[in-house]
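The primary structure of each chain is shown beneath.
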Amino acid sequence: MSSEFLVSRQHFDSRAVAQGLPAEKERTEPGTPQPSSGSATAGYRSAKYTPGEWHYNYRTILHQADTDCDAARRIQRESKSLYQITDAATQRTQAEGTSLLGERLQEIHLWKSELHRHIDQLQADIDALLAVKTRLEKALDATEIPFAIATDNLNCRGRRLGPDLVRDTVEEELLKEVDLIRSVQALLKRTTAQVVSQIKINREAKQTLELDWSDKYEAYNLDDHCGRFTNMSPDTQLHPSSASMQEQVCNPITWKKFTQDNLSKAMQAEEATNNLRVLVERVLRETTEDLRAQCFSVDQAFSRRCVELIEAKADLEIQHRQILEQIGAQEKNIVALQQAIYNKEAPLRVAQSRLYVRSFRPNMELCRDEPQLSLEEEVRQIDAVVASLHQQLSEARGSLSNLEESRMALEKDITCKSHSLFIERDKCMADRKRYPTMSTLSGY
């Protein structure tokens, strides 16, 4: 039978080794018998434990088991308390997060509704400005007809004849009308440019609001989807880096200020649009009234001028008829004077023949007797009468020449007046009937 020897070994705590804890030094209780190390020279000891070692090992195992049970119960209590606390805190935090998401959804919905309202308002303003722009363009096109009428009237009146080519009230009113139309056209062009600029501003503001609304719409859908997540949701996953991804976004103050700034610009654009629409309405109303008032002034001047021409032409025609009558009477007077001169030739021949024949009386018979004196007086009277008749005939012929010149001047002036009346009444006033109405000048 071979003998076996047990080597003395140190006691190790297997739990401490498994947990990576430093090994506890062997505890020695006072009064506890120590195992014999055997003979120093042998280096070996007996293979059997002593009773003291057995009791020590037994009590150590019981003590360690009791300690482990106490630690396990403590850990169980702490774990139960911990998961109860953490479950409540987690549920509370989750409920608070859900509540905050709901509040965030309401806030986003309010801002989104406000953005949508202003987007609709800006679109309505843009449509209104486009309609106003169309009215301005139509009003501007409508001013071309009055301008063409006024310039054509001036050109037609420039073809008047003789003394009728006068710078009268009609021409002054026409020149005022031309200047007024040019100023109205310039004003309408400037106003149209303002409307186009405001439309551009409104579209930019609307685009900014639409981008903001689109972002909020997407954010609303995302937050709404997040708010519907529960612990039983199958589409939830772990995203450990999601918290660090939120470091680059804005804070609630800048988020709110961004939308407020966009809405502020939109409201400024809306206010500017309302002011511009009021301005356009006033411009169209005032320009239309000014053009129609000037048109009425020109028409009145034309009417007065036509009355003057008609009256002048009537006076000239009356005078012309009187001149014709005087010419006829003067021609008859000349014929009568010529006949009277011719009738004086026979008595003059008789008287001169008598004087001539009596001049042949002989000697003392050639006497200035009563017959001689009577004949001489008769000849002088006839000569004087004939000279007077010739003088009257010359004056009558001069008067007839003057009457003819007056007749020609009257006829020429009547022709001028007729031509002027044709231009004023039949050309200009008839052309002015094409003048646009109030609604057309207002851009409708």
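The structure under discussion appears in the preceding block.
Predicted, not measured: the structure shown is a model, and the values here were computed from it.

Rules of the game
Residues numbered from 1 in each chain as written. Predicted model: local features only at pLDDT ≥ 70, side-chain atom pairs only at ≥ 80, totals over all residues. Heavy atoms only, no water. Helix = DSSP H or I, 4+ residues; strand = E, 2+ residues; numbered from the N terminus. Buried < 20%, exposed > 50% of the residue type's maximum accessible area, 1.4 Å probe, protein only. Areas by Shrake-Rupley, 256 points an atom, 1.4 Å probe, with all protein chains shown as cover. Polar contact = N/O pair within 3.5 Å; in protein donor to acceptor, adjacent residues only side chain to side chain. Contact = heavy atoms within 4.5 Å. Phe/Tyr/Trp six-rings, centres within 6.5 Å; stacked < 30°, edge-to-face > 60°. Expected span 1.5 Å × (residues − 1). Arc of directions from axis to C-beta.

Peer 1: Whenever I open this one, the overall build of the protein confuses me. Can you help?
Peer 2: Assigned secondary structure in the protein consists of seven helices and zero strands. The proportion of buried residues among the 444 residues of the protein is 28%. For the protein, the exposed surface amounts to about 30,000 Å²; the carbon and sulfur share of it is 56%.

Peer 1: Explanation requested: the side chain of Thr273 in the structure shown.
Peer 2: Relative to the assigned elements, Thr273 resides in helix H5 (residues 252-358). At 2.7 Å, the side chain of Thr273 and the backbone oxygen of Ala269 are in polar contact. If we skip the residues at most four places from it in the chain, Thr273 touches Asp125, Leu129, Gln198 and Asn202.

Peer 1: I keep staring at the packing of aromatic side chains and nothing clicks. Help me out?
Peer 2: What describes a pair of aromatic rings is the distance from one ring centre to the other and the angle between the planes of the rings. Enumeration over the complete set of coordinates arrives at three aromatic pairs. Their ring planes at 5° and their centres at 5.9 Å tell us that Trp54 and Tyr58 sit as a pair that is stacked. One end of the pair is Trp54 and the other is Tyr58, both in helix H2 (residues 51-142) and four residues apart, which spans about a single turn. Residue classification places Tyr58 among the partly exposed positions, given a relative accessible area of 43%. When the centroid spacing of 5.2 Å and the interplanar angle of 15° are considered together, the rings of Trp213 and Tyr217 count as stacked. Highlighted residues: Trp213 and Tyr217, both in helix H4 (residues 169-227), separated by four residues, approximately one helical turn. Looking at Trp213, the relative accessible area reads 25%, which means it is partly exposed. The class of Tyr217 is partly exposed, set by a relative accessible area of 40%.

Peer 1: So what exactly am I meant to see when it comes to helix H3 (residues 144-157) here?
Peer 2: Residues spaced three or four apart along an α-helix face the same direction, because each turn holds 3.6 residues. Over its 14 residues, H3 extends 20 Å from the first C-alpha to the last, a length consistent with the 20 Å expected when each residue adds 1.5 Å. Listing the buried residues of H3 in full gives Pro146, Ile149, Ala150, Asn153, Cys156 and Arg157. Projected down its long axis, H3 carries its buried residues within an arc of 130°, all on one side. Of the surrounding elements, those touching the buried residues of H3 are H2, H4, H5, helix H6 (370-431) and helix H7 (438-441).

Peer 1: Would you take a moment to explain the environment of Thr143 for this structure?
Peer 2: Here Thr143 lies in the loop between H2 and H3. With 39 residues separating them in the primary sequence, Thr143 and Arg182 have C-alpha atoms 8.8 Å apart. Those residues in contact with Thr143 that lie beyond four places of it in its chain are Ile181, Val184, Gln185, Leu188 and Leu291. Within polar-contact distance, the side chain of Thr143 engages the side chain of Gln185 at 3.2 Å.

Note that every value here comes from positions in space, so none of it alone points to a role or purpose.
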